[in-house]
Amino acid sequence: MTINIQYVHMATSEAMNDYVTEKLSVLAKKYEWIINAEVHFEVENNAKTNGKICKIELSAPGPRIFAMSDESNYEDAVKNTIKDLEKQLKKRKETFSTH
């Protein structure tokens, strides 16, 4: 699986790159058919949101799988986004096994 990480309106972080790569590699081992992951980190200074946004889009057979979360820190945002992706991947895997 190829992982592409982008930082929007913020500096890049080697620690975040390692953290996301580690979390996504766990998913890749579980679901071998994931082709590619696009990760976007954004910071949004808005009173209505927490401001730390993580968006992840996975390329796999069928439609792309997308999830995002807005938390008070990036680690929580990554955890919640990956949790949402895993739910979608489980559903996708179930449709594979019925055919």
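Residues numbered from 1 in each chain as written. Predicted model: local features only at pLDDT ≥ 70, side-chain atom pairs only at ≥ 80, totals over all residues. Heavy atoms only, no water.

Caption draft 1: Spotlight on the overall build of the chain. Each helix and strand counted, the chain has two helices and four strands in total. From first element to last, N terminus to C terminus, the chain shows the α and β order β-α-β-β-β-α. Over its C-alpha atoms the chain spans a radius of gyration of 14 Å, differing by no more than 12% from the 13 Å that the globule rule assigns to 99 residues. In terms of overall dimensions, the chain has C-alpha extents of about 45 × 30 × 20 Å along its principal axes. A burial count over the chain gives 34% of its 99 residues as buried. Restricting to contacts in the chain with at least 6 residues of sequence separation, those with at least 24 account for 49%. On the chain, roughly 6,000 Å² of surface is accessible, and the fraction owed to carbon and sulfur atoms is 50%. (Helix = DSSP H or I, 4+ residues; strand = E, 2+ residues; numbered from the N terminus. Rg over C-alpha atoms; globule rule 2.2 N^0.38 Å. Buried < 20%, exposed > 50% of the residue type's maximum accessible area, 1.4 Å probe, protein only. Contact = heavy atoms within 4.5 Å. Areas by Shrake-Rupley, 256 points an atom, 1.4 Å probe, with all protein chains shown as cover.)

Caption draft 2: Just the pairing of strand β1 (residues 2-8), in detail. Bridge count for β1 against strand β2 (residues 36-43) is seven bridges, and the pairing is parallel. Directly across from Q6, in β2, lies its bridge partner H40. (Pairing = 2+ DSSP bridges.)

Caption draft 3: Looking closely at the sheet that holds strand β4 (residues 65-71). The strand order across the open sheet built from four strands is β1-β2-β3-β4, with neighbouring strands paired in mixed fashion. A single partner strand is all that each edge strand has here, and the edge strands are β1 and β4. Mean inter-strand twist for the sheet, computed between neighbouring axes without regard to direction, equals 15°. Pairing analysis gives eight bridges linking β2 to strand β3 (residues 52-59), with the strands arranged antiparallel. Each bridged residue has a counterpart across the sheet, and for A37 the counterpart in β3 is L58. In this fold helix α1 (residues 14-30) packs onto β1 and β2, with an angle of close to 140° to the strand it touches most, β1. (Axes fitted to C-alpha atoms, helices over the stretch in contact; angles between N-to-C directions.)

Caption draft 4: Here's a closer look at the pattern of salt bridges. Inspection of the entire model under this criterion finds three salt bridges. Among the salt bridges present, the one from E42 reaches K55, with a minimum N-O distance of 3.2 Å. Of this pair, E42 sits in strand β2 while K55 is found in strand β3, placing the two residues 13 residues apart along the sequence. Take E42: its relative accessible area is 18%, and that puts it in the buried class. A relative accessible area of 24% means that K55 is categorised as partly exposed. (Salt bridge = Lys/Arg side-chain N within 4 Å of Asp/Glu carboxyl O.)

Caption draft 5: The arrangement of the environment of N17 in detail. Turning to its location among the elements, N17 is positioned in helix α1. The spacing of N17 and N4 is 13 residues in sequence and 9.5 Å in space, taken between C-alpha atoms. Setting aside chain neighbours within four positions, we find N17 in contact with I5 and Y7.

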